[in-house]
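What follows is the residue order along each chain.
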Amino acid sequence: MNFKYLFNRIFDLSIVLIGVSIIVFSMIRVIPGDAVAIMLGANTEITQEGMNELRSRLGLDKSILEQYFIWIINIFKGDFGTSIWTGRPVISEIYINAWPTIELTALSVIIGASLSIPIGCFMAISRGSFSEIIIRVAAIAGLTIPSFWLGIVSIFLVAKFYPGFIALGYVPFFESPSENLKRMILPVFTLSLPMIANLSRLVRSAMLDALSQHYIRTAKAKGASQFSVVFKHALRNALIPYITSVGVSVGYLLGGSIVIEQVFAIPGLGRLVLGAISERNYPLLQSSILVMTAAFVLVNFFVDLLYAVIDPRVSKDD
Amino acid sequence: MKKTFLSYLAIVIFCLGVNNSSASTINVAIDSSPAGLDPHLITAFNSVIIVQNNIYEGLTNIDSDLSVNPGLAKSWEVSSDGLKYTFNLHTNVTFHDGSKMDAEDVKASILRVQNKDMASPLASRVSPVKSIDVLNSNTIVLELNEPFAAILSSLAGIAIVPSEFQNDTEALQKIPVGTGPFKFDSWQPNSHIQLNKFGQYRTEGLPKLDSVKVSFVPEAATRQVGLSNGEYDILPGVDPATALQLQANPNVEIYQTRNLSYTLLGMNTTREPLNNANVRKAINLLLNRNEIIQGALFGAGVPGGPLSPALATWALDTNNFSCYTNDVAEAKKLINEASIKTPIELEILVLPRQDAKDISQVIQQQLNQGGFNITLANKEIGEFVQDWKNSDFDMFVSANGGNPDPDQYFYRTFRTGGSTNVFKYSDNEVDTWLDQGRKSTSTSERKSIYDKVQQKLACEGPISHLAYGDLSTAVNKKVKGFEIYATGRLASLISVTK
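About the cut-offs
Residues numbered from 1 in each chain as written. Chains lettered and ligands numbered in written order. Predicted model: local features only at pLDDT ≥ 70, side-chain atom pairs only at ≥ 80, totals over all residues. Helix = DSSP H or I, 4+ residues; strand = E, 2+ residues; numbered from the N terminus. Rg over C-alpha atoms; globule rule 2.2 N^0.38 Å. Buried ≥ 20, exposed ≤ 12 C-beta atoms within 10 Å, placed from the backbone. Contact = placed C-beta atoms within 7 Å. Pairing = 2+ DSSP bridges. Right-handed = clockwise from strand over helix to strand, strands pointing away. Nonpolar A, V, L, I, M, F, W, Y, C, P; charged D, E, K, R; others polar. Axes fitted to C-alpha atoms, helices over the stretch in contact; angles between N-to-C directions. Left-handed = near helix turned anticlockwise from the far one by under 90°. Parallel < 35°, antiparallel > 145°, perpendicular 65-115°, else oblique. Core = buried A, V, L, I, M, F, W, Y, C linked by C-beta atoms within 7 Å. pLDDT = per-residue confidence, 0-100. Expected span 1.5 Å × (residues − 1). Arc of directions from axis to C-beta.

**Student:** Looking at this structure, how should I read the overall build of chain B?
**Tutor:** Broken down by element type, chain B carries 15 helices and 17 strands. Since a compact globule built from 498 residues should have a radius of gyration of about 23 Å, the 25 Å found for chain B is in line with a globular shape. The C-alpha extent of chain B, read off along each of the three principal axes, is 85 × 70 × 35 Å. Classification of the 498 residues of chain B by burial places 49% in the buried group. For chain B, long-range pairs separated by at least 24 residues make up 70% of all intrachain contacts whose partners lie at least 6 apart in sequence.

**Student:** Quick question: what am I supposed to make of the overall build of chain A here?
**Tutor:** Along the backbone of chain A there are 13 helices and 0 strands. Dimensions along the principal axes, computed over C-alpha positions, put chain A at roughly 85 × 60 × 35 Å. The buried share of chain A, reckoned over its 318 residues, is 36%.

**Student:** Please explain the pairing of strand 14 (residues 344-350) of chain B as it appears in this structure.
**Tutor:** Looking down a regular strand, the side chains alternate between one sheet face and the other. Residues and elements named next belong to chain B. Extensive coverage of strand 14 is indicated by the burial of 5 of its 7 residues. The sheet contact formed by strand 14 and strand 15 (residues 372-378) spans 7 bridges and is parallel. When the bridges of strand 15 are listed, Val 350 appears paired with Asn 378. A crossover links strand 14 with its parallel partner strand 15, the connecting element being helix 11 (residues 354-368), and its sense is right-handed.

**Student:** Explain the interface of chain A and chain B here, please?
**Tutor:** A common way to express how large an interface is: the accessible area buried when the components associate. Listed as interface residues are 44 residues of chain A and, on the opposing side, 39 residues of chain B. Going through the elements one at a time, helix 2 (35-40), helix 5 (90-125), helix 7 (147-161), helix 8 (177-211), helix 10 (226-264) and helix 11 (269-279) of chain A are the ones with two or more residues in the side of chain A that touches chain B. Each residue belonging to the side of chain A that touches chain B can be placed in one class, and the counts come to 24 nonpolar, 13 polar and 7 charged.

**Student:** I keep staring at the packing of helix 5 of chain A against helix 8 of chain A and nothing clicks. Help me out?
**Tutor:** Think of two packed helices as two axes; the pair is described by the angle between the axes and how far apart they sit. Residues and elements named next belong to chain A. One can describe the packing of helix 5 onto helix 8 by two numbers: an axis separation of 6 Å at closest approach and a directional angle of 35 degrees. Crossing geometry of helix 5 relative to helix 8 is assigned as right-handed. When its residues are assigned to classes, the contact of helix 5 with helix 8 shows 22 nonpolar, 6 polar and 2 charged.

**Student:** Any chance you could explain the packing of helix 9 (residues 289-297) of chain B against helix 11 of chain B here in plain terms?
**Tutor:** Residues and elements named next belong to chain B. Taken N-terminus to C-terminus, the directions of helix 9 and helix 11 make an angle of 135 degrees; their axes are 9 Å apart at the nearest point. Between helix 9 and helix 11, the angle falls in the class oblique. Crossing handedness for the pair helix 9 and helix 11: right-handed. Contacts between helix 9 and helix 11 involve Glu 291, Ile 292, Gly 295, Ala 296 and Leu 297 from the former and Asp 355, Asp 358, Ile 359, Val 362 and Ile 363 from the latter. Its residues placed into classes, the contact of helix 9 with helix 11 shows 6 nonpolar, 1 polar and 3 charged.

**Student:** Where do I start with the environment of Lys341(B) in this structure?
**Tutor:** Residues and elements named next belong to chain B. With respect to the element layout, Lys 341 can be found in the loop between helix 10 (328-337) and strand 14. Exposure remark for Lys 341: the 9 C-beta atoms within 10 Å place this residue in the exposed category. In this structure the C-alpha to C-alpha distance between Lys 341 and Phe 372, which are 31 residues apart in sequence, comes to 9.9 Å.

**Student:** Just checking my understanding: could you explain the sheet that holds strand 6 (residues 129-136) of chain B for this structure?
**Tutor:** Two orientations exist for strands paired in a sheet by backbone hydrogen bonds: parallel and antiparallel. Residues and elements named next belong to chain B. Spatial strand order, 4-5-7-6: 4 strands in an open sheet with antiparallel pairing. For this open sheet the edge positions go to strand 4 (73-78) and strand 6, each flanked by a neighbour on one side alone. With strand direction ignored, the average angle separating the axes of adjacent strands in the sheet is 20 degrees. Helix 3 (residues 103-114) rests against strand 5 (84-89), strand 6 and strand 7 (139-144) of the sheet, and its axis sits at about 170 degrees to strand 6.

**Student:** Please explain the nonpolar core as it appears in this structure.
**Tutor:** In a soluble, globular protein the nonpolar side chains are often hidden away together inside. Counting 208 residues, the largest nonpolar core has Met207(A), Ile363(B) and Val397(B) as its most contacted members. Here the element with the most residues in this core is helix 8 of chain A; it accounts for 14 residues. Non-local contacts of Met207(A), meaning those with residues more than four positions away in its chain, are made with Gly120(A), Cys121(A), Ala124(A), Ala234(A), Leu235(A) and Ala238(A).

**Student:** Sorry if this is basic, but what is going on with the confidence of the model for chain A here?
**Tutor:** Do not read the predicted coordinates in detail wherever pLDDT is low. Of the residues in chain A, 94% have a pLDDT of 70 or more, and the chain-wide mean is 82. The least confident element of chain A, judged by mean pLDDT, is helix 13 (residues 313-317) of chain A at 54; the most confident is helix 5 of chain A at 89.

**Student:** Where do I start with helix 7 of chain A in this structure?
**Tutor:** When the terminal C-alpha atoms of helix 7 of chain A are compared, their 21 Å separation across 15 residues agrees well with the 21 Å that a helix rising 1.5 Å per residue should span. Turning to helix 7 of chain A, its buried residues number three or more, namely Ser147(A), Leu150(A), Gly151(A), Ile155(A) and Ala159(A). Projected down its long axis, helix 7 of chain A carries its buried residues within an arc of 155 degrees, all on one side. For helix 7 of chain A, the exposed residues lying more than 90 degrees away from the buried face are Trp149(A), Leu157(A), Lys160(A) and Phe161(A). Close packing links the buried residues of helix 7 of chain A with helix 8 and helix 10 of chain A together with helix 6 (220-228) of chain B.

**Student:** Please explain the environment of Leu195(B) as it appears in this structure.
**Tutor:** With respect to the helices and strands, Leu195(B) occurs in strand 9 (residues 192-197). Leu195(B) has contacts with Asn54(B), Ile55(B), Phe182(B), Lys183(B), Phe184(B), Asp185(B), Ser211(B) and Val212(B), leaving out every residue within four places of it along the chain.

**Student:** Just checking my understanding: could you explain helix 15 (residues 443-460) of chain B for this structure?
**Tutor:** Residues lying three or four places apart along an α-helix face the same way, a consequence of the helix completing one turn every 3.6 residues. All names here are of chain B. For helix 15, which comprises 18 residues, the first-to-last C-alpha distance of 25 Å matches the rise-based estimate of 26 Å (1.5 Å per residue) to within 8%. Within helix 15, burial applies to Arg 446, Ile 449, Tyr 450, Val 453, Gln 454, Leu 457, Ala 458 and Cys 459. Elements that come into contact with the buried residues of helix 15 comprise helix 8 (277-286), helix 13 (406-414) and helix 14 (428-439).

**Student:** Just checking my understanding: could you explain the confidence of the model for chain B for this structure?
**Tutor:** All names here are of chain B. Summing up the model confidence of chain B, the mean pLDDT is 87 and the portion of residues at 70 or higher is 96%. Mean pLDDT values for the elements of chain B range from 50 in helix 1 (residues 2-17) up to 94 in strand 14. Segment residues 13-21: pLDDT under 50, and 6 contacts once partners within four positions in sequence are set aside and those in other chains are kept. Complex prediction metrics read pTM 0.77 and ipTM 0.75.

**Student:** Would you mind going over unusual backbone geometry with me for this structure?
**Tutor:** Glycine aside, the phi torsion of most residues is negative, and most peptide linkages are trans. All names here are of chain B. The omega torsion of the bond from Leu 206 to Pro 207 falls at -5 degrees, within 30 degrees of zero and hence cis. Note on placement: Pro 207 falls in the loop between strand 9 and strand 10 (211-216). Located in the positive-phi region is Lys 424, a residue other than glycine, with phi close to 60 degrees. The residue Lys 424 is located in the loop between helix 13 and helix 14 in this model.

**Student:** Before we go on, may I ask you to explain the environment of Val161(B) in this structure?
**Tutor:** Residue and element names in this part refer to chain B. Examined against the element boundaries, Val 161 turns out to sit in the loop between helix 4 (151-155) and helix 5 (171-174). Take Val 161: there are 27 C-beta atoms within 10 Å of it, and that puts it in the buried class. Residues within four places of Val 161 in sequence aside, it is in contact with Ser 109, Arg 112, Leu 172, Val 177 and Gly 178.

What follows is the structure, encoded as structure tokens:
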């Protein structure tokens, strides 16, 4: 792997982060509604002077451009700001809320990525058979069903038929692994289903493509077993688009987790962001979106590197 | 390979079957995290139900039937002129931090609420308190600058905090320190707040529970399923539609009480033609309150005037209000006489809550029958609050909590310049009555004053009071001893068992 490739990727990464920081920063301020007024709620005792003082204490009386640069400069100093409502450092709020989301995303990626390979291979091998058609229809359904609907319906269904099985909310893994995993089953199912559907379709077509190549015919001709043909020869070549797609899926999972965390009452980044929007909690929102974007960009950055490792042509061409 | 996987699966399934602790914990599910826990700063329902009566107590206490009972003060005497209140405090009260509560803490707490820099929304409740004298560690005298009949019920809402927090506006928002039966343990943002039994509570044997967990569960369907299967024990303040569904569930019991809170149509009296009292009266004539209750609230509510029918001593029956009989012809006549051009174009700002949205659609259709052309503005909560506060609306549909004493509601809402008089309503007669009602300590005299106030406000005031809802709380049947309070507070948790 050459350094130019690495450098280019890092350059792209910083451009994306700067762009996102500007968009998030300005968008939250364009929404009508005043952070200070929302924080005070129905409290009408506070005077205009009191509100102005609060506003200046929170740094909201400065010009937007000034606020932006203060925020960015502080980030480079390691200070992501202070949550307007709780008064706690934003970074610690993100830290607390990140674990459930990381766990949810990681489990969904593992389940989604590992199940989609055998399913996709099966679909490719048994193309046109009755069971393959059933799986294909199910995959399309899995792709099109919105996850919040699936989440709510699965809660209702499981509650109806296995009432003892339902567990809602979140328990940290190290507090009680069994309670933690029990609470992860339904959300992970809901989150990974569209991913399984998407990836297995991708594996299927990549496999079909690979299976029709000459080297497969050669492999078959030299007497390699069906298993070896499929998993050793075809799959390896079908893997490159698959890995890229897994990386992109992480972004969708982070987005999907906003809804799923809401449905399953999981205290993750999605709920942190949603809460920050309705509170107009500018520092919290800006920094958590930035961190989430950075995470997504980094995952794809590593996927790109992996891609280059699997297929050395990539870095040379770039 | 296959075997390892199966045995791993077996272990997982085994773990899932293991029951957790046997300590008695109640899990209360509410829709969102509170903004803070300082009892002198909070206004939102989801803060109040956690804090009041569970973590904090006041000198007095409002009972489930809204009567005023002793709280941290075991008794009190009132001087004959109604200006001096002497409170005798319980002697065995300890704060959660281990320090003893005495009269100095009471004094500091009231001063804290009065402090301008605190900007406490409760300030008006103790504004008539002129001086506070600590006679000894267990006796305190409040002197009022004028008689203030509502002081005893107002004091129930003034939580007593340790005196060292008198000038601290921040610490208690995150870590509350009170005298109540439950002690704050931890707060997981977006997840839950945990309260534990306070071992040194002033009444021996209470509370009966070991802990209370308040979970924040944004999705209504999730709360509902969680209650049915025992994950959650109590859902406070369920909406009428959900209450109906849960009623059918054999594991769930619905507790209901007539609520102090109400839905309302507010009018900006600085805007044409709402500045005209006859137009406001015409609007009341056009409203069909029973239709609103059936159509938007699933029948869960009753029509009412400016005071909740739950306040039996004070509230006038709606028969007394001529404008409560739906009469389109009469309304049109009033508008015609005021020579106002129709259709009258007005916008209703709608609180982003299901009941308010449903109600405003019914109202839109009812008012349009009488020569109005109403548009609905559905805004997000932040915008709603801002417009409400800046009086930037023609009309709005919203919901309010209620107060046990008429003065607490009327004075700030309808007095010229009152702190929540966002309608900019100003009427000399009403101002005079409200001042008199505040000063008088004779219940019968106050009753006749507030009768006049209600009579006038019902038809011509800046608020059309629509319906007083039923407060429903859904409780899992495993919970014993739950009692519902009309104030909406979870005050019975102290004696609940599971």
